[in-house]
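# Tertiary structure, described
Residue strings, one per chain:
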Amino acid sequence: MEFAKEIREVQEEILRLKREKKVFIMAHYYQRPEVQAISDVVGDSLELSRKAVHLDEPTVLFCGVYFMAEVAKILSPEKTVLNPYPQAGCLLADMALPAEVEKARRRHPNAKVVAYVNTTAATKALADVICTSANAGDVIKGIDAEEVIFLPDKHLGSYHVRHGVNKKVHLWDGYCPVHKRITVESVNRVLDRYPDAQLVVHPEVSPEVAEMAHFVGSTSQLVRHIAASDHKRFLVGTEEGTLFKIREAAPDKELLLPDPIPVCDQMKMITLERVLVSLREGLYPVEVDQEVAQRAKVAIERMLSL
Ligand code: 13P
Ligand code: SF4
């Protein structure tokens with residue numbers, strides 16, 4: 001992708017400062033293309049959590065919603081983790097408050113809590129194990145309990161209940177408002193015009209849309225699936241930022257998005273200018289309460305060991 005001259009100038013300054021200050025930049029697929037382009041690594045939540053553990057640089061600049069930067073800090077407490085705009089939060093993560101999780105635990109005393117990585121550190125600290133969209137089914141199957149509270153995304157949880165998890169699962173009533181906008185209608189509006197397009201979706205979509213899809217996977221799994229496929233045209237049912245990396249990995253594919261296009265405004269709050277200010281001024285260092293961080297780390301490491 002060709003960027004305008006002004007964008008290129010800011011990118012060059014970011015790359016210069018990054019080298020000078022020995023900062024490693026990580027970005028989620030839903031980031032703006034110009035932000036992804038200056039990042040050392042772009043990935044899904046699972047890949048980014050794994051990467052955070054093995055970095056040489058003393059500082060990580062995390063371009064993603066706040067909980068993602070928190071995970072990097074929890075896993076690498078000795079590093080400085082910067083987030084260019086901490087107000088960028090995940091609307092799904094805010095749907096499971098710690099007090100509600102404690103209440104659910106009292107209601108289901110025999111159940112273990114599997115928390116999706118899209119949760120705050122305080123909620124993770126109350127979970128037995130964390131999962132991401134790339135490994136949720138394996139984590140639910142792998143945990144040593146026959147009864148599970150799965151939070152906060154009911155669609156991700158119900159997808160795995162419908163596809164192979166043979167346990168009693170109490171689903172939280174949370175959802176991602178961005179993926180909720182990917183409806184049967186918004187998908188059919190495009191499929192009516194391009195009936196040969198293969199529908200691939202993120203598991204945060206509703207069951208009706210997931211069951212229409214040819215492939216369901218995390219953002220990285222979608223990128224890899226499309227790159228490896230012989231099919232030419234795809235309708236991609238997730239946030240539009242993902243298309244930037246798919247185009248790099250599979251330039252010969254024709255990519256379509258649902259109508260209207262799904263955009264996570266929270267992810268898009270991280271702009272190139274904010275990344276530059278963050279690098280220049282060391283803003284904003286992520287801090288997690290030590291006790292919360294230690295408990296959350298145990299739950300995240302349990303996932304990484306599975
Ligand atoms: P991934 O686990 O695919 O990175 O998705 C995270 C997310 O926020 C999806 O909306
Ligand atoms: Fe959260 Fe949804 Fe945005 Fe993902 S797309 S960060 S789940 S609000």
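This write-up is about the structure you can find in this document.

Calculation notes
Residues numbered from 1 in each chain as written. Chains lettered and ligands numbered in written order. Predicted model: local features only at pLDDT ≥ 70, side-chain atom pairs only at ≥ 80, totals over all residues. Heavy atoms only, no water. Helix = DSSP H or I, 4+ residues; strand = E, 2+ residues; numbered from the N terminus. Rg over C-alpha atoms; globule rule 2.2 N^0.38 Å. Buried < 20%, exposed > 50% of the residue type's maximum accessible area, 1.4 Å probe, protein only. Axes fitted to C-alpha atoms, helices over the stretch in contact; angles between N-to-C directions. Parallel < 35°, antiparallel > 145°, perpendicular 65-115°, else oblique. Left-handed = near helix turned anticlockwise from the far one by under 90°. Contact = heavy atoms within 4.5 Å. Phe/Tyr/Trp six-rings, centres within 6.5 Å; stacked < 30°, edge-to-face > 60°. Lys NZ or Arg CZ within 6 Å of the ring centre and 35° of its normal. Near = heavy atom within 4 Å. Nonpolar A, V, L, I, M, F, W, Y, C, P; charged D, E, K, R; others polar. Polar contact = N/O pair within 3.5 Å; in protein donor to acceptor, adjacent residues only side chain to side chain. Areas by Shrake-Rupley, 256 points an atom, 1.4 Å probe, with all protein chains shown as cover. Pairing = 2+ DSSP bridges. Salt bridge = Lys/Arg side-chain N within 4 Å of Asp/Glu carboxyl O.

## With respect to the overall build of the protein
When its secondary structure is counted, the protein shows 15 helices and 12 strands. Relative to the compact-globule value of 19 Å for 306 residues, the protein shows a C-alpha radius of gyration of 19 Å, a close match. With the C-alpha coordinates aligned to their principal axes, the bounding extent of the protein is approximately 55 × 55 × 30 Å. Classification of the 306 residues of the protein by burial places 58% in the buried group.

## Here we look at the packing of helix α1 (residues 5-21) against helix α14 (residues 272-281)
Where α1 meets α14, the axes come as close as 10 Å, and the angle between the chain directions of the two elements is 25 degrees. With respect to their mutual orientation, α1 and α14 come out roughly parallel. Remark: the crossing between α1 and α14 carries left-handed chirality. Of the residues in α14, those touching α1 at Ile-7, Val-10, Gln-11, Glu-13, Ile-14, Leu-17, Lys-18 and Lys-21 are Leu-272, Glu-273, Val-275, Leu-276, Leu-279 and Arg-280.

## Points about the environment of Cys-63
Note on placement: Cys-63 falls in strand β3 (residues 59-63). Its relative accessible area of 0% is what places Cys-63 among the buried residues. In sequence terms Cys-63 and Val-35 are 28 residues apart; their C-alpha atoms lie 7.8 Å from each other. Sequence-distant contacts of Cys-63, defined by excluding residues within four places in its chain, comprise Ile-25, Met-26, Ala-27, His-28, Gln-31, Val-35, Pro-84, Ile-270 and Val-275.

## A look at the packing of aromatic side chains
Following the criterion strictly, the structure yields zero aromatic pairs and no others. Geometry around Tyr-175 places Lys-180 over its ring, the cationic atom sitting 4.8 Å from the centre. The ring of Tyr-85 has Arg-274 lying over it, and the distance from NZ or CZ to the ring centre is 3.8 Å.

## What to know about the site of ligand 2
Neighbouring residues of ligand 2: Tyr-30, Val-65, Cys-90, Leu-91, Leu-92, Asn-118, Cys-176, Val-178, Glu-204, Cys-264 and Met-267. Taken together, the residues that form the shell around ligand 2 break down as nine nonpolar, one polar and one charged.

## Some remarks on the site of ligand 1
In the region of ligand 1, the neighbouring residues are His-28, Tyr-30, Asp-44, Ser-45, Tyr-116, Asn-118, Ser-133, His-179, His-202, Glu-204, Ser-218 and Thr-219. Between His-202 and ligand 1, the recorded distance is 3.0 Å, taken from a side-chain N or O atom to an oxygen atom. Protein burial of ligand 1: of its 300 Å² of free accessible surface, 96% is covered by the chains. Here the residues of the shell around ligand 1 are counted per class, giving two nonpolar, eight polar and two charged.

## Considerations on the environment of Val-178
Examined against the element boundaries, Val-178 turns out to sit in helix α9 (residues 177-180). Placed 67 residues apart in sequence, Val-178 and Lys-245 show a C-alpha to C-alpha distance of 20 Å. Not counting residues up to four positions away in its chain, the partners in contact with Val-178 are Glu-239, Pro-262, Val-263 and Cys-264.

## Regarding the sheet that holds strand β1 (residues 23-28)
The parallel open sheet is built from four strands, whose spatial order is β2-β1-β3-β4. Of all the strands in the sheet, just β2 (41-43) and β4 (80-82) have a single pairing partner and so form its edges. When the angles between neighbouring strand axes are averaged without regard to direction, this sheet yields 25 degrees. Summarising the sheet, β3 and β4 pair through three bridges and their orientation is parallel. Directly across from Val-60, in β4, lies its bridge partner Val-81.

## Regarding the sheet that holds strand β12 (residues 254-256)
One open sheet holds the four strands; their spatial order is β10-β9-β11-β12, and the pairing between them is parallel. Both edges of this open sheet fall to β10 (215-216) and β12, since each of them pairs with a single strand only.

## Looking at the pattern of salt bridges
Opposite charge on two side chains permits pairing when their charged atoms draw close. The full count for this structure, using the stated rule, is 17 salt bridges. Note that Arg-16 and Glu-13 form a salt bridge whose closest N and O atoms lie 3.1 Å from each other. A residue pair is termed a helical-turn pair when its members lie 3 or 4 positions apart in one helix, as Arg-16 and Glu-13 do in helix α1 at three residues. Exposure remark for Arg-16: the relative accessible area of 39% places this residue in the partly exposed category. We note a salt bridge from Glu-301 to Lys-297, for which the minimum N-O separation is 3.9 Å. One end of the pair is Glu-301 and the other is Lys-297, both in helix α15 (residues 290-305) and four residues apart, which spans about a single turn. Linked through salt bridges whose partners overlap, the residues forming this network are Glu-13, Arg-16 and Glu-20.

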